[in-house]
Amino acid sequence: MTGSETFIHQPFWWSDSRFQPGSFVQPDLPPKKSDVVIIGAGYTGLSAALTLARAGRSVVVLDAERPGWGCSARNGGLLGPSFHKLGLKGLERAYGKEKARAIMRESLDSMRSLVSFVEKEKIDCELVMRGRFRGAVHPKHYDSLARQVEIMQRELGLNVHMVPKSEQHYEIGSDLYHGGAVYEDDGTLQPALLLQGLLQKATEAGAKIYGEQAVQDISGSEGKLEVRTKSHSLMARNVIVATNGYTPKNLKWFRRRLIPIRSAVTATEELPPEKIRELSPKLRGHGDTHRLVFYYRPSADGKRMIFGGRAKDLKDNPQEYVPYLRNAMRRIYPQLQSVRVEYGWSGVVAYTFDHAPHVGEVDGVHYAMGYCGSGVGRAVYFGRKTALKVLGDPEGRTELDDLPFKSRQLYNGSPWFMPFMIRWHAFADRMGW
Ligand SMILES: Cc1cc2nc3c(=O)[nH]c(=O)nc-3n(C[C@H](O)[C@H](O)[C@H](O)COP(=O)(O)OP(=O)(O)OC[C@H]3O[C@@H](n4cnc5c(N)ncnc54)[C@H](O)[C@@H]3O)c2cc1C
């Protein structure tokens, strides 16, 4: 790549020779008929495909590009319970005490279920549960983190604790923070290898996966649905939409309910092991209390720092986000001043108007989406739940079933307001709000 600096514009994860998603793509054309058609071959779609194929259904998965083209092989690989942005108190105000706790508990379940899935299926995706340190960028953020931590310990029995600034060097080689919280049960993984594992398991179970099959339209009703691509028509009893941040405008009902936001990641050049230990003494995942989030971690091979955050533009503009992330990384770690960024890439996540993922059915079409930037555990979990719903299995029930999936009047799926929101959050970050 040319410009003021040179970097490879592709996810670092894809340089792992074990990542071969193309080898699972069917060479022929999709069949005209199947029990279930799944749109989108990311964690959600493949997790659903695996469950359905193992239950004996004929399953066709269509991706507009190729499996893993979306977020699932591009993400930062941080695994946590991904609690609702409103927090327990906000959820209580919105849905009442019992429901709020149930939603939070299910978030924990989604993370734990991914860990046991990876173990049971022996998926080699370099999952390590070393915890996460979240730094407070302002002294008052430390106090508010401490209040959240106390609630999480008391109400959910979570293994989380505060670390004061005086002890923070045991967690991170940075002076930027005013202490922070450690979430001991969080983990990190190599995201593209998790995708590869799901692809392999779903294919072995009998699901047929097709690339370059962009779905343009879904019509009919449950039991007799028609899915159309540019050149094909497929009939299926059930359809699952699993397109998350990549949901196209022609799937209008879904797109109007999602706010696509670009998230970007960089990987440094290789660093000596002692430097990585200095940056992250316990090799944990990291994040902080900035409104425009930053997330970072040592790479799974322990040789690089992976550093991610929100891009300002919905377009893939690495000349904007790579310098932005590099500068943020150097603010946190001044010792990386002369370290080069070697990889820079991005993907599109899907936010929702109520900050919650949504799982359900509309006009006979099932869906799971809207993970609000935290979908590693959730997508695999809700993909499976959606498959169980298709099977009519009561285990498919989730705490999110009765949350209405709302859009806003006049919103057509183009988030024109995001540049203003981003500027506002950047201002609030500068002010320490
Ligand atoms: C840069 C980045 C960093 C992230 N970091 C983290 C993290 O550290 N931790 C975390 O928990 N989450 C993270 N996430 C979020 C997480 O990766 C996603 O929530 C999750 O992967 C969503 O999976 P999915 O299967 O629902 O969607 P995706 O993986 O996005 O898959 C959707 C698929 O649908 C396909 N598609 C779209 N339209 C059509 C169509 N018309 N026809 C057929 N196919 C179509 C796309 O090609 C795509 O492959 C990150 C995301 C990004 C982009």
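For clarity, every value in this text was computed on a predicted model and none was experimentally measured.

Asker: Could you clarify how one ought to interpret the sheet that holds strand 6 (residues 180–183) in this entry?
Answerer: By way of backbone hydrogen bonds, the strands of a sheet pair with one another, either parallel or antiparallel. Read from one edge of the open sheet, eight strands run 5-6-4-13-14-15-12-16, paired in mixed fashion. At either end of the open sheet lies a strand with only one pairing partner, and these are strand 5 (160–163) and strand 16 (341–351). Averaged over all pairs of adjacent strands, the angle between their axes in this sheet comes to 20°, without regard to strand direction. Bridge analysis of strand 13 (residues 285–288) against strand 14 (residues 294–298) gives two bridges, and the strand direction is antiparallel. Opposite Gly 287, over in strand 14, you have Tyr 295 as the bridge partner.

Asker: Would you take a moment to explain the environment of Lys 85 for this structure?
Answerer: Mapping Lys 85 onto the fold places it in the loop between strand 3 (78–79) and helix 2 (87–95). For Lys 85, a relative accessible area of 61% corresponds to the exposed category. Sequence separation between Lys 85 and His 355 is 270 residues; the distance between their C-alpha atoms is 6.2 Å.

Asker: I would appreciate a short explanation of the site of the ligand in the present structure.
Answerer: Close contacts around the ligand come from 37 residues, with Thr 44, Asp 63, Ser 72, Leu 78 and Val 215 the closest. The separation between an oxygen atom of the ligand and a polar side-chain atom of Asn 75 is 3.2 Å. Taking Val 376, its main chain carries an N or O atom lying 2.9 Å from an oxygen atom of the ligand. With the chains in place, 97% of the 1,000 Å² that the ligand exposes on its own is no longer accessible. Secondary-structure elements contributing two or more residues to the shell around the ligand are helix 1 (43–54), strand 12 (259–268), strand 16 and helix 9 (376–390). Looking at the shell around the ligand, its residues break down into 19 nonpolar, 16 polar and two charged.

Asker: Is there a simple way to think about the nonpolar core in this case?
Answerer: Soluble globular proteins: nonpolar side chains tend toward being buried together. Within the largest apolar cluster, 76 residues are counted, with the highest numbers of intra-cluster contacts made by Ile 38, Leu 114 and Leu 194. Of the residues forming this core, the biggest block, nine residues, is contributed by helix 3 (residues 97–121). If sequence neighbours within four positions are ignored, Ile 38 has contacts with Gly 45, Ala 48, Ala 49, Leu 52, Val 59, Val 60, Val 61, Leu 62, Ile 240 and Ala 242. Grouped together as the second largest cluster of nonpolar side chains are 40 residues, Val 182, Met 305, Leu 336 and Phe 353 included.

Asker: I'm lost on a nonpolar patch on the surface in this one. Help?
Answerer: Taken together, the side chains of Trp 424, Phe 427, Met 431 and Trp 433 make up a nonpolar region of the molecular surface, amounting to roughly 410 Å² of accessible area. With respect to the element layout, Trp 424 can be found in helix 10 (residues 418–431).

Asker: How should the pairing of strand 13 be read in this particular structure?
Answerer: Consecutive side chains along a regular strand alternate between the two faces of the sheet. Covered by surrounding structure in strand 13 are Gly 285 and Gly 287 together with His 286 and Asp 288, the residues of both alternating faces. Hairpin remark: strand 13 followed by strand 14, antiparallel, with five residues in the connecting loop.

Asker: Please clarify how unusual backbone geometry should be interpreted in this entry.
Answerer: Phi is mostly negative for residues that are not glycine, and the peptide bonds are mostly trans. Although it is not a glycine, Asp 363 sits at a positive phi angle of roughly 50°. Note on placement: Asp 363 falls in the loop between strand 17 (358–362) and strand 18 (365–369). Backbone geometry places Cys 372, a non-glycine residue, at a positive phi of 55°. Checked against the element boundaries, Cys 372 lands in the loop between strand 18 and helix 9. Residue class for Cys 372 comes out buried when judged on its relative accessible area of 10%.

Asker: Explain the side chain of Thr 266 to me, please; I cannot follow it from the model alone.
Answerer: Structurally, the position occupied by Thr 266 is in strand 12. For Thr 266, the contacting residues outside a window of four places in its chain are Met 305, Ile 306, Phe 307, Val 322, Leu 325, Val 341, Tyr 343, Gly 344 and Trp 345.

Asker: Looking at this model, I keep getting lost on the packing of helix 1 against helix 9. Mind explaining?
Answerer: The geometry of a pair of packed helices is captured by two quantities: the angle between their axes and the separation between those axes. Packing of helix 1 against helix 9 leaves a shortest axis separation of 7 Å and a crossing angle of 40°. In terms of axis orientation, helix 1 runs oblique to helix 9. In the packing of helix 1 onto helix 9, the handedness of the crossing is right-handed. Where helix 1 approaches helix 9, its residues Tyr 43, Thr 44, Ser 47, Ala 48, Thr 51 and Leu 52 are matched on the opposing element by Val 376, Ala 379, Val 380, Gly 383, Arg 384, Ala 387, Leu 388 and Val 390. A class-by-class count of the residues in the contact of helix 1 with helix 9 yields nine nonpolar, four polar and one charged.

Asker: Looking at this structure, how should I read the packing of aromatic side chains?
Answerer: The relation between two aromatic rings is expressed through the spacing of the ring centres and the mutual angle of the planes. Per the stated rule, a full pass over the model turns up 20 aromatic pairs. Here the aromatic rings of Phe 133 and Tyr 177 are separated by 6.5 Å at their centres, their planes lie at 65°, and the arrangement is edge-to-face. Here Tyr 177 lies in the loop between strand 5 and strand 6 and Phe 133 lies in strand 4 (residues 132–135), a separation of 44 residues in the sequence. One exposure class covers both Phe 133 and Tyr 177, and it is buried. Here Phe 254 and Tyr 367 contribute two aromatic rings whose centre-to-centre distance is 5.4 Å and whose plane-to-plane angle is 70°, an arrangement assigned as edge-to-face. Here Tyr 367 lies in strand 18 and Phe 254 lies in helix 6 (residues 252–255), a separation of 113 residues in the sequence. For the residue pair Phe 254 and Tyr 367, the accessibility class agrees, reading buried in each case. Among the aromatic residues, ring-to-ring pairing joins Phe 294, Tyr 296, Phe 307, Tyr 324 and Tyr 333 into one connected group. Seen from the ring of Trp 14, Arg 66 lies directly overhead, with NZ or CZ sitting 4.6 Å from the centre. Between the NZ or CZ atom of Arg 132 and the centre of the ring of Tyr 183, over which it lies, the distance is 4.5 Å.

Asker: It is not clear to me how the side chain of Glu 399 should be interpreted in this structure. Could you clarify?
Answerer: Residue placement: Glu 399 occurs in the loop between helix 9 and helix 10. Relative accessible area serves as the criterion here: at 18%, Glu 399 is assigned to the buried category. Filtering out sequence-adjacent residues up to four positions away, Glu 399 remains in contact with Lys 99, Ala 102, Ile 103 and Glu 106.

What counts, and at which threshold
Residues numbered from 1 in each chain as written. Predicted model: local features only at pLDDT ≥ 70, side-chain atom pairs only at ≥ 80, totals over all residues. Heavy atoms only, no water. Pairing = 2+ DSSP bridges. Helix = DSSP H or I, 4+ residues; strand = E, 2+ residues; numbered from the N terminus. Axes fitted to C-alpha atoms, helices over the stretch in contact; angles between N-to-C directions. Buried < 20%, exposed > 50% of the residue type's maximum accessible area, 1.4 Å probe, protein only. Near = heavy atom within 4 Å. Polar contact = N/O pair within 3.5 Å; in protein donor to acceptor, adjacent residues only side chain to side chain. Areas by Shrake-Rupley, 256 points an atom, 1.4 Å probe, with all protein chains shown as cover. Nonpolar A, V, L, I, M, F, W, Y, C, P; charged D, E, K, R; others polar. Core = buried A, V, L, I, M, F, W, Y, C linked by side-chain atoms within 4.5 Å. Contact = heavy atoms within 4.5 Å. Patch = residues over 30% accessible without salt bridge, like charges linked within 9 Å, V, L, I, M, F, W, Y side chains within 5 Å. Salt bridge = Lys/Arg side-chain N within 4 Å of Asp/Glu carboxyl O. Parallel < 35°, antiparallel > 145°, perpendicular 65-115°, else oblique. Left-handed = near helix turned anticlockwise from the far one by under 90°. Phe/Tyr/Trp six-rings, centres within 6.5 Å; stacked < 30°, edge-to-face > 60°. Lys NZ or Arg CZ within 6 Å of the ring centre and 35° of its normal.

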